[in-house]
Amino acid sequence: MKYYSTNKKAPLASLEDAVIKGLAPDKGLYMPEKISKLPVAFYHNIDEMSLQEIAFVVASEFFGEDVESRKLRDIVYETLNFDIPLVKVTDNILSLELFHGPTAAFKDVGGRFMARLLNYFIGKCSNNKEVNVLVATSGDTGSAVANGFFRVPGINVYVLYPKGKVSEIQEKQFTTLGGNITAIEVDGTFDDCQRLVKDAFMDKELNDKMFLTSANSINVARFLPQSFYYFYAYAQYKKMGYEDMPVFCVPSGNFGNLTAGLFAKKMGLPIKYFIAANNRNDIFLEYLTTGSYVPRDSVQTIANAMDVGNPSNFARIIDLYNNNYTDICNDIKGVSYSDDEIRHTLANTYENENYLLDPHGACGFQALKDKLENGEHGIFLETAHPAKFKDTVEPIIGQPVEMPKTLKAFMNGVKITDELPASFALFKEYLLGKL
Ligand SMILES: *Cc1c(COP(=O)(O)O)cnc(C)c1O
C-alpha cells in the first residue's frame, strides 16, 4: 500500500518510507491510499475472537501488502501481550481499560508496534545500519517509546526530557531501563527538548554520519494500530449481549486516538458516533461549534496529556472527510471540561460507582453522562491508569491510589541519565561521541 501526504505536495511513499520518515517532506501527515471495508462475516464472528486475532485481521488490511504474513502476525502478537478489557461502570457506560500494558497508558500499543515494525524494516536493509530514535517528551510519550523499543536489536533510543518537570513515576519509566535506552536530562523546558530534536533532524553532518528517526505520534506505525482496540471493544460489547451500535468517547489531545477510531468506522465497524472529550484546550469543540479552526497556545490542566493547542491529527480528520464540515459534525460531537469539573467527576464516580478514573478518562466518562440520549450505550477510552497521576488523584479522593505491579517495579529501578544544557552544539557533540 502507498501513503500520500495530507498536503498533497509530496510523492507517494512506501510503508517503509512513511515509517522511517514520520512526517512527509511537504510537512503533511501520511495517510493510507485506501481504507477497505472488512467482510461482513468478520463482524458476525468477532465476539468469538481474541484481541490478537482481531488485531491481526485489521493489521493485515493496512500492512498485509508490505509485511509477510508470518512476520506481521509475530509483530501483532508480541505488541499485544496484555489485555484491554471492557468494564461496565454504569447501566449505559462502559470503560475500555487501555492501561494494562507495561507503562500503563494506551500509547504502549502504538509504541510497541512501531518498534517492531521499524526493526523489521532495518533487518531488511542490506547495510544493517543502527538506527537512532530521538524523542522529546513531557512524560507519557517517552515512557511508551522507551519501553516499546527496549531491547529491540539495531535501535538506540535517546529520550530528551526537561529536568525536574516530569513526575517521578514518568521519569522512572524511561531512566531506569539502560541497555539501548538513553535518557537525557535537559536543563530547560519541553520546548527546548523538542527544538534540540528538530535541529538534529535538520543537521546535515549528523544525518550523514548517523541514521536518525523520530517516534512521535504522527507516525503511521504508531497511529494505525490504535484502531485495533476499537474492534476488540466492540467484540466484547457484542459478547456482553448488547445489540445496538455503541457511541465511542475519546479523551483527546493530538487526536490520534480518535482518528484511529474514525478509520475503524470507515472499515465498517458499527459505531453510532464519536464524542471528543477535551479539557480547557477546546480548539476542536470550537471548530465543531463555529466551523473555523483557530489553533492557539495550550493552557496547563490536570489532564496534562491533552494540553494541546494545535492537534496534529486535525489534518487527517479533514482529509478523511474531504473537508466536509457537515459530515464531520454528524460523526463527531465535542465537549470540554474545566479542572474543577474533572475533579468533581473523579470524586463522584469513585464514590457512587466505586470506579477510579484518571483525569483524562474522567473527561470521557462525564461526556457520556452529559451527551448520551435515552437508550444509547457509550464506551469511553480509559487512556491511562490513575496511579500515573497519583499526585492529582490522591488529594481528590482523599486516599492512596494503589499502583499496578508494572509501575511499582519501575519505582524500584535506579535512575541513570546524561545531563545536558539546552544547547544544540553540545547535543550534537554528544551524539557524535556515540559513534
Ligand atoms: C496521549 C494521551 C491522550 C491524548 O491522546 P491523543 O491521541 O493525542 O488525542 C489522552 N490521555 C492520555 C493519558 C494520554 O497519554
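Preceding this paragraph is the structure being described.
Residues numbered from 1 in each chain as written. Predicted model: local features only at pLDDT ≥ 70, side-chain atom pairs only at ≥ 80, totals over all residues. Heavy atoms only, no water.

## Considering helix α18 (residues 390-397)
Under the convention used in this document: Three labels apply to residues, based on accessible area from a 1.4 Å probe with only protein chains included: buried if under 20% of the type maximum, exposed if over 50%, partly exposed otherwise in between. Strands here are runs of E lasting at least two residues and helices are runs of H or I lasting at least four, both read from the DSSP assignment and numbered beginning at the N terminus. Directions from the helix axis toward the C-beta atoms define the arc. Any two residues having at least one pair of non-hydrogen atoms within 4.5 Å are treated as being in contact.
The set of residues buried in α18 consists of Val393, Glu394, Ile396 and Ile397. One face of α18 carries all of its buried residues, which in axial projection span an arc of 165°. Exposed residues lying more than 90 degrees from the buried face of α18 are Asp391 and Pro395. In this structure, the buried side of α18 is in contact with α16 (339-353) and α17 (359-371). Residue glycine 398 follows α18 closely and has a positive phi angle near 65°.

## Description of the site of the ligand
For clarity, the cut-off: For this purpose, a residue is taken to be near a molecule or strand whenever a single non-hydrogen atom of the residue falls within 4 Å of it. Identification of polar contacts relies on pairs of N or O atoms within 3.5 Å, with a donor-acceptor requirement for protein atoms, meaning one able to donate a hydrogen and the other able to accept it, and with residues adjacent in sequence counted only if both atoms are side-chain atoms. Shrake-Rupley sampling with a 1.4 Å probe provides the accessible areas, and residues are treated as covered by the protein chains on show and by no other component. Polar here means any residue outside two lists: the nonpolar Ala, Val, Leu, Ile, Met, Phe, Trp, Tyr, Cys and Pro, and the charged Asp, Glu, Lys and Arg; Gly therefore counts as polar.
Within the structure, the ligand sits among 15 residues, and Lys107, Gly253, Asn254, Phe255 and Thr383 are positioned closest to it. For the ligand, an oxygen atom lies 2.8 Å from a polar atom in the backbone of phenylalanine 255. Relative to its free-state accessible area of 380 Å², the ligand is covered by the protein chains to the extent of 95%. When the residues that make up the shell around the ligand are grouped by side-chain class, the tally is six nonpolar, seven polar and two charged.

## Quick word on the sheet that holds strand β9 (residues 247-251)
Hydrogen bonds between backbone atoms are what pair the strands of a sheet, whose relative direction is either parallel or antiparallel. Our working rule: In short, DSSP must find at least two bridges between two strands for them to pair. Interaxial angles span 0 to 180 degrees and are taken between N-to-C directions of axes, which are lines fitted to C-alpha atoms, for helices over the stretch in contact.
Spatial strand order, β3-β4-β12-β9-β10-β11: six strands in an open sheet with mixed pairing. In this open sheet, the two strands that pair with only one neighbour each are β3 (86-88) and β11 (332-336). In this sheet, adjacent strand axes meet at a mean angle of 25° when their direction is disregarded. As paired strands, strand β10 (residues 274-278) and β11 are joined by five bridges and run parallel to one another. Across the sheet, the residue bridging to alanine 277 is valine 335, located in β11. Together, β10 and β11 form the strand contacts of helix α13 (residues 283-290), whose direction differs from that of β11 by roughly 125°.

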